[in-house]
Amino acid sequence: MSRCPTLETARLLLRPFEENDVDAYTAVLQSPEVRASLHLPDDVGRYEAWLGMAQQLGQWELRGTGQWALVEKASGEFVGRAGTHRPERADWPGIEVGWALHPGHWGKGYATEAGGAAVEYAFAHHDVDALYSVILPENTASQAVARRLGFTLSETRVLSHFPELQHGIWRLARQRDET
Ligand SMILES: CC(C)(COP(=O)(O)OP(=O)(O)OC[C@H]1O[C@@H](n2cnc3c(N)ncnc32)[C@H](O)[C@@H]1OP(=O)(O)O)[C@@H](O)C(=O)NCCC(=O)NCCS
């Protein structure tokens, strides 16, 4: 059984990636809007989608972080991915919360809904004082999701995974009860 749990929000199922998500996830990565936001090459395809799905599942198994496949409960449609990410990179700020949806599902509040569940899950299952979101300064849609979840921009710097541009490092501190 996968270490990736299945969660439910009001409108979404957050579940482990499955082999037959590959077509729908390929469609997410191939959409011009997602390619532009994530700076993906024009020929991104099934190979990268399947590898990405496998990497998510592998990260869940190895360290209990990873992204979920998001499914719209009302239709059963694959919506995209969201969750946490802690790559083996010395300059990564910590546990990141991230999201990527098919443009057909933008503007419905799904990224914020799934992101909120990811934040809650991450603080409940990882002993960290803060979560992060790593966002390019041009990606205002992603910044808006981070802001809605309570993240604030803490610094801007170049990260080794993408040295061409500066990234904004958005931070959300754990709320501790003052008891
Ligand atoms: C970043 C991304 C996930 C944001 O998607 P999004 O749909 O704008 O964000 P949300 O799901 O939070 O939806 C918010 C919008 O839904 C609207 N909305 C409609 N119904 C809603 C509801 N019931 N509840 C909440 N919001 C709702 C909000 O008003 C808001 O609209 P606005 O942007 O016009 O103000 C999306 O643009 C994406 O996948 N981009 C490509 C991948 C990417 O860049 N990932 C991040 C890398 S750092």
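Everything here concerns the structure above.
Just so we're clear, the structure is a prediction, and the values are computed from it rather than from any experiment.

Asks: Help me out: how do you make sense of the packing of helix 1 (residues 22–30) against helix 3 (residues 46–63) in this one?
Replies: For any two helices packed against each other, one specifies the crossing angle of their axes together with the interaxial distance. At a closest axis distance of 9 Å, the pairing of helix 1 and helix 3 adopts a crossing angle of 110°. Taken together, the axis directions place helix 1 and helix 3 in an arrangement best described as roughly perpendicular. Between helix 1 and helix 3 lies a crossing of right-handed hand. Mapping the contact onto sequence places Val-22, Asp-23, Tyr-25, Thr-26 and Leu-29 in helix 1 and Arg-46, Glu-48, Ala-49, Trp-50 and Met-53 in helix 3.

Asks: Help me understand the pattern of salt bridges in this model?
Replies: Opposite charge on two side chains permits pairing when their charged atoms draw close. Within the structure shown, the criterion is met by nine salt bridges. Among the salt bridges present, the one from Asp-42 reaches Arg-35, with a minimum N-O distance of 3.1 Å. Overall, the relative accessible area of 69% leaves Asp-42 in the exposed class. Across the pair Lys-108 and Glu-72 runs a salt bridge whose closest N-O atoms are separated by 3.5 Å. With a gap of 36 residues between them, Lys-108 in the loop between strand 5 (96–101) and helix 4 (110–125) and Glu-72 in strand 3 (residues 67–72) connect regions that are remote in the sequence. Taking the relative accessible area as the measure of exposure, Glu-72 reaches 10% and is therefore buried. Connected through salt bridges with shared partners, the residues Arg-15, Glu-18 and Asp-21 form a single ionic network.

Asks: I tried to follow the site of the ligand on my own but got confused; where do I start?
Replies: Lining the immediate surroundings of the ligand are 20 residues, of which Trp-99, Gly-107, Ala-111, Thr-112 and Asn-139 lie closest. Contacts to the ligand include Trp-99, whose backbone N or O atom sits 2.7 Å from a nitrogen atom. In the environment of the ligand, an oxygen atom lies 3.2 Å from a nitrogen or oxygen atom belonging to the side chain of Trp-106. Relative to its unbound accessible surface of 960 Å², the ligand loses 66% to contact with the protein. Of all elements in the fold, only helix 2 (32–38), strand 5, helix 4, strand 6 (130–135) and helix 5 (140–148) reach the threshold of two or more residues within the shell around the ligand. At four residues, the largest contribution of residues to the shell around the ligand is made by helix 5. Class assignment of the residues belonging to the shell around the ligand gives a composition of 11 nonpolar, six polar and three charged.

Thresholds applied
- Residues numbered from 1 in each chain as written.
- Predicted model: local features only at pLDDT ≥ 70, side-chain atom pairs only at ≥ 80, totals over all residues.
- Heavy atoms only, no water.
- Axes fitted to C-alpha atoms, helices over the stretch in contact; angles between N-to-C directions.
- Helix = DSSP H or I, 4+ residues; strand = E, 2+ residues; numbered from the N terminus.
- Parallel < 35°, antiparallel > 145°, perpendicular 65-115°, else oblique.
- Left-handed = near helix turned anticlockwise from the far one by under 90°.
- Contact = heavy atoms within 4.5 Å.
- Salt bridge = Lys/Arg side-chain N within 4 Å of Asp/Glu carboxyl O.
- Buried < 20%, exposed > 50% of the residue type's maximum accessible area, 1.4 Å probe, protein only.
- Near = heavy atom within 4 Å.
- Polar contact = N/O pair within 3.5 Å; in protein donor to acceptor, adjacent residues only side chain to side chain.
- Areas by Shrake-Rupley, 256 points an atom, 1.4 Å probe, with all protein chains shown as cover.
- Nonpolar A, V, L, I, M, F, W, Y, C, P; charged D, E, K, R; others polar.

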